[in-house]
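Summary of structural features
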Amino acid sequence: MLEIPLNIIEKINQLKTTLQSASYAYYVLDNPLMEDVIYDQLYRELQELENEYPSLITLDSPTQRVGDKLNSQLDSVKHNIPLYSLENAFNFNELKQWENRWQKQLEKITEFNYICELKIDGSAIALTYENGIFIRGLTRGDGITGEDITNNLRTIHSIPLKLNIDNPPPIIEIRGEAFLPLQEFNRINEEREKNGENLFANPRNATAGTLRQLDPNIVSQRKLQFFAYNSYLFSKNANITTQKESLNFLQEIGFLVNPNYQSFQNLEQIKQYLDYWEIERKNLPYMTDGVVVKINQFSLQTELGFTQKFPRWAIAVKYPAEEVTTTVEKITINVGRTGAVTPMAIMKPVQIAGTTVQRATLHNSDRVQELDIRVGDTVIIRKAGEIIPEVVEVIKDLRPSNTHPYQMPSNCPECGSTLLRPENEIVTRCVNSSCPAILRGSLIHWASREAMDIRGLGEKVVISLMEYKLVKSIADIYKLTSFQIADLDRMGDKSAQKLITSIEDSKKQSFSRVLYGLGIRYVGAVNAQILAENFSNIDNLIQAKQENLEAIYGIGIEIASSVVEWFKIPENIILIQELKSLNLNLETKNNTQKLGNLANKTFVITGTLPTLKRSEAKKLIENAGGKVNNTISTKIDYLVVGEDSGSKLEKAQKLQLKIITESELLTMIDNS
Ligand code: IVH
């Protein structure tokens, strides 16, 4: 074995300490200690020494931030302490009611004050440090179990790899919010638009999506940040008795703490803070959606404790969705993949909730009439979470004199055929099945993450492929060559080859994803699974009669008739035959084993699941052969937990039952 000279060990340690302090000064204190080139030189020196003596690489080395290890999957890990969420107050009155409530609960109110912190709109994460070294980071998940995203969190420079404490406790857990600064969010979306990928709806989704990336290199390119707001020491630290001291402590040990917190004696004072930040938050470089009001004293926090869902000692005061005014430059209609027509207002670009917007949805023709929106009008638009805002109101007093009421076109702008609005329906549609808008939408849906998950086949690429007449149906995607793709605008050999690989990989997707991808009306991801399980293959489904479909638990009249009608269309049958000959999955694999797998298994579902309604989860379990009960007992095999799981979870833990999340349930069903 190679003998390691002592001076090398010392040199490596010095380099690590110097680089750690420089990084802390740069990322946390915003007060650089050295020029970037010097940092880079020292970093390279360390890297070279570590390459030579790999046994000296430690978890806290600054070279370990850029993850080169791909996450094969994200493991579910139980939290040391559950992550609670916060009760919301939507106005000052609700904040007062909260104060009344917590004060009534105490026998005696000792001296107290409040601390207000900005509520950062990102993703809550929990970091574990063992003997001062960062060893694990989890997403919030359902609060009980999170996903292991350690490799991704290592790339965030405001998360120290080693705490700045002389005698660190054996375990310390830090909670806080990972988020994307708005500028970074906009940069990522611009890049995604260029690559023809779907845009992130808001910084919160972009943060959650980035944190769950399997490739830490992608994470390191998106400059995530982290604000710490809580620490759990698992050992008494007599010096920290208030939230304010806790924030100071977090800062001392190396974390970035949002500097805009403030202490107050009473709610009247807090009102001013709330009013101030309601306006001022628009100038912050990151997104905030409210203020968290916390009782400062830990003694009172302990006395008050938690409800099943929230701490009683804190509340989030939420700001209303942002609204701004702008003027309408044009009104157009957009045709979706089902042929549904959505009127849109194209406006003078404005900044709202951190992004520049130019389009707002007008929902449908009734809404257009109701608003009487006209080109030239001044409108109020609101963005409530999603990337496309809506028009809330037309300010008629500001209407110029020469405007005309807007007439919805009677023909499809893409194919010219007559638009129809069936009686009793609110939606106007293009019913020409060969309308390019419908094909475009169908291809985008087919390639989407929830369906066939063909990375690199987003809107822009689909539009190019259609322009060059390379695809006229879903099946044509599988006939593309890398030469054809490389010839498209903004595509090179490398991205073409990548796209060909993802297209080929998509052939392995399950039958239920294929069914969902076909875009049959009312057949969402859940109904597609139910159909795939009940009919085992596409031929059975094609032959199914309305009554066979309706007989299935969870499939109603509308879904049944939509499926029957879809398979009556000759072009659709041709598509299915083509997909069959292209070797896509048109049958449920290992069906007998599947029923065997969930058969004899009994589940209880508790809390709010992230995407499925409880009734949907129940359907899925039952369709896969399992049973669902309401009460916990030793006879139960699995407890499926969602957000705000209460006493059932505790009971299940006592009985040591297996506790799983929605995604684990779906994997069980998918793999069975
Ligand atoms: S304290 C037990 N403080 O808000 C109390 N939460 O709706 C835990 N959040 O999931 C929360 N900024 O991710 C707290 N300064 C702050 C926060 C904050 C953002 C998020 C947090 C949590 C959500 C609750």
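Below or above, wherever it landed, is the structure these notes cover. In this text the structure is predicted, and so the values were computed from the model without any measurement.

What counts and how
Residues numbered from 1 in each chain as written. Predicted model: local features only at pLDDT ≥ 70, side-chain atom pairs only at ≥ 80, totals over all residues. Heavy atoms only, no water. Near = heavy atom within 4 Å. Polar contact = N/O pair within 3.5 Å; in protein donor to acceptor, adjacent residues only side chain to side chain. Areas by Shrake-Rupley, 256 points an atom, 1.4 Å probe, with all protein chains shown as cover. Helix = DSSP H or I, 4+ residues; strand = E, 2+ residues; numbered from the N terminus. Pairing = 2+ DSSP bridges. Contact = heavy atoms within 4.5 Å. Axes fitted to C-alpha atoms, helices over the stretch in contact; angles between N-to-C directions. 1 Å grid on protein atoms, 1.4 Å probe; cavity = no way out; pocket = protein on both sides within 12 Å on 5 of 7 lines; lining within 4 Å. Points joined across faces, edges and corners; volume = space filled by probe spheres on them. Nonpolar A, V, L, I, M, F, W, Y, C, P; charged D, E, K, R; others polar. Salt bridge = Lys/Arg side-chain N within 4 Å of Asp/Glu carboxyl O. Buried < 20%, exposed > 50% of the residue type's maximum accessible area, 1.4 Å probe, protein only.

It is worth spelling out the site of the ligand at this point. Around the ligand lies a shell formed by Leu86, Glu117, Leu118, Lys119, Ile120, Ala124, Glu177, Tyr229, Val292, Lys294 and Pro311. Within the side chain of Glu117, an N or O atom sits 2.8 Å from a nitrogen atom of the ligand. Within the complex, the protein chains bury 89% of what would otherwise be the 530 Å² of accessible surface of the ligand. Elements that contribute at least two residues to the shell around the ligand include exactly strand E3 (114–120) and strand E10 (288–295). Ranked by the residues each element gives to the shell around the ligand, the list is headed by E3, at four residues.

As a further point, take the sheet that holds E3. With mixed pairing, the five strands of this open sheet are ordered in space as E2-E11-E10-E3-E9. The sheet is open, and its two edges are formed by strand E2 (88–89) and strand E9 (262–264), each paired on a single side. Inspection of the sheet shows E3 paired to E10 by seven bridges, in the antiparallel sense. Looking across to E10, one finds that Ile115 is bridged to Lys294. Each of E3, E9, E10 and strand E11 (314–318) touches helix H9 (residues 267–280); the most contacted strand, E3, lies at about 20° to it.

In this section: empty space enclosed by the protein. Sizing a probe to match a water molecule and rolling it over the atoms shows the empty space that remains. The tally for this structure, following the rule as stated, stands at one cavity of 30 Å³ or more. Considering only enclosed or pocket space, the largest cavity measures out at about 50 Å³ in volume. Around the largest cavity, the lining residues are Lys78, His79, Asn80, Ala126, Thr128, Arg136, Leu138 and Glu173. Secondary-structure elements contributing two or more residues to the lining of the largest cavity are strand E4 (123–130) and strand E5 (133–139). Its residues assigned to classes, the lining of the largest cavity shows two nonpolar, three polar and three charged.

This part covers the pattern of salt bridges. According to the stated counting rule, one finds 26 salt bridges in the structure shown. Residue Glu45 is joined to Lys11 by a salt bridge in which the shortest nitrogen-to-oxygen separation is 3.5 Å. Highlighted residues: Glu45 in helix H2 (residues 36–52) and Lys11 in helix H1 (residues 6–27), separated in sequence by 34 residues. Given the relative accessible area of 31%, Glu45 is considered partly exposed.

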